[in-house]
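# Residue-level structural notes
Spelled out from the first residue to the last, the chains are:
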Amino acid sequence: MSIYGDKAYETFFKGYNCAQCVAIAFAPVMHMTESQAARMSSGFGGGFGRLREVCGAFSGITFVLSTLYGSDDPAQKTATYTEVQALAAEYRRRNGKNSIVCRELLGLQKAEGSPVASPRTAEYYQKRPCPELVRIAADIMAEYIETHPLPLTQEV
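Let me sum up the structure you'll find in this document. (Residues numbered from 1 in each chain as written. Predicted model: local features only at pLDDT ≥ 70, side-chain atom pairs only at ≥ 80, totals over all residues. Heavy atoms only, no water.)

### So, helix 6 (residues 77–95)
The periodicity of an α-helix, 3.6 residues per turn, causes residues three or four positions apart to be oriented the same way. Its 19 residues give helix 6 an end-to-end C-alpha distance of 26 Å, which sits within 8% of 27 Å, the value for a rise of 1.5 Å per residue. Every buried residue of helix 6 is listed here: Thr-80, Val-84, Leu-87, Ala-88, Glu-90, Tyr-91 and Asn-95. On an axial view of helix 6, the arc spanned by its buried residues comes to 165°, and they lie on one face. Residues Thr-78, Gln-85 and Arg-93 are exposed on helix 6 and point more than 90 degrees away from its buried face. Gly-96 occupies a position one or two residues after helix 6 and carries a positive phi of about 80°. (Helix = DSSP H or I, 4+ residues; strand = E, 2+ residues; numbered from the N terminus. Expected span 1.5 Å × (residues − 1). Buried < 20%, exposed > 50% of the residue type's maximum accessible area, 1.4 Å probe, protein only. Arc of directions from axis to C-beta.)

### Some remarks on the environment of Ile-61
Relative to the assigned elements, Ile-61 resides in helix 5 (residues 56–69). Each C-alpha atom of the pair Ile-61 and Phe-26 lies 9.7 Å from the other, and the pair is 35 residues apart in sequence. Once you skip the residues sitting within four places of it in the chain, Ile-61 turns out to touch Val-22, Leu-87, Tyr-91, Ala-137, Ile-140 and Met-141. (Contact = heavy atoms within 4.5 Å.)

### Brief notes about the side chain of Arg-52
Mapped onto the fold, Arg-52 is located in the loop between helix 4 (45–48) and helix 5. With relative accessibility at 6%, the residue Arg-52 sits in the buried group. Of the polar contacts made by the side chain of Arg-52, one reaches the side chain of Glu-112; its length is 3.0 Å. When neighbours within four sequence positions are excluded, Arg-52 is seen to be in contact with Gly-46, Gly-47, Val-101, Cys-102, Arg-103, Leu-106, Leu-108, Ala-111, Glu-112 and Arg-128. (Polar contact = N/O pair within 3.5 Å; in protein donor to acceptor, adjacent residues only side chain to side chain.)

Take a look at the structure:
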């Protein structure tokens, strides 16, 4: 476990979506405020706008990776996609469900069909795997950063 995983986990209980939790955990590393990270990742929660597609925690990984290591050169897409796919494989391995799909991780047959977020109640927090998933995602990203040093211009 990492300080980033702990931060992402704690942030979930403040009402943020899964993508926001991972982004907020790495806000200082990305040279952002928590508010900026939360705003920029706000649409990725619930499997992209509660469509229950790509898991928000994994979207958070992709957001952080792209912010720290991405390129504005179209010729670099393959390098970025290679890293995203490797991180997806690791996330699948660690989450116990071998998936990066929100509805599969939540055990849903299909999306609820509503953009309205569920109320954050004690029951909600007990039945959701999301706090652990954001911890896993942030831990994976922390390990990635540790093994892939940032350029000097990116270091905190």
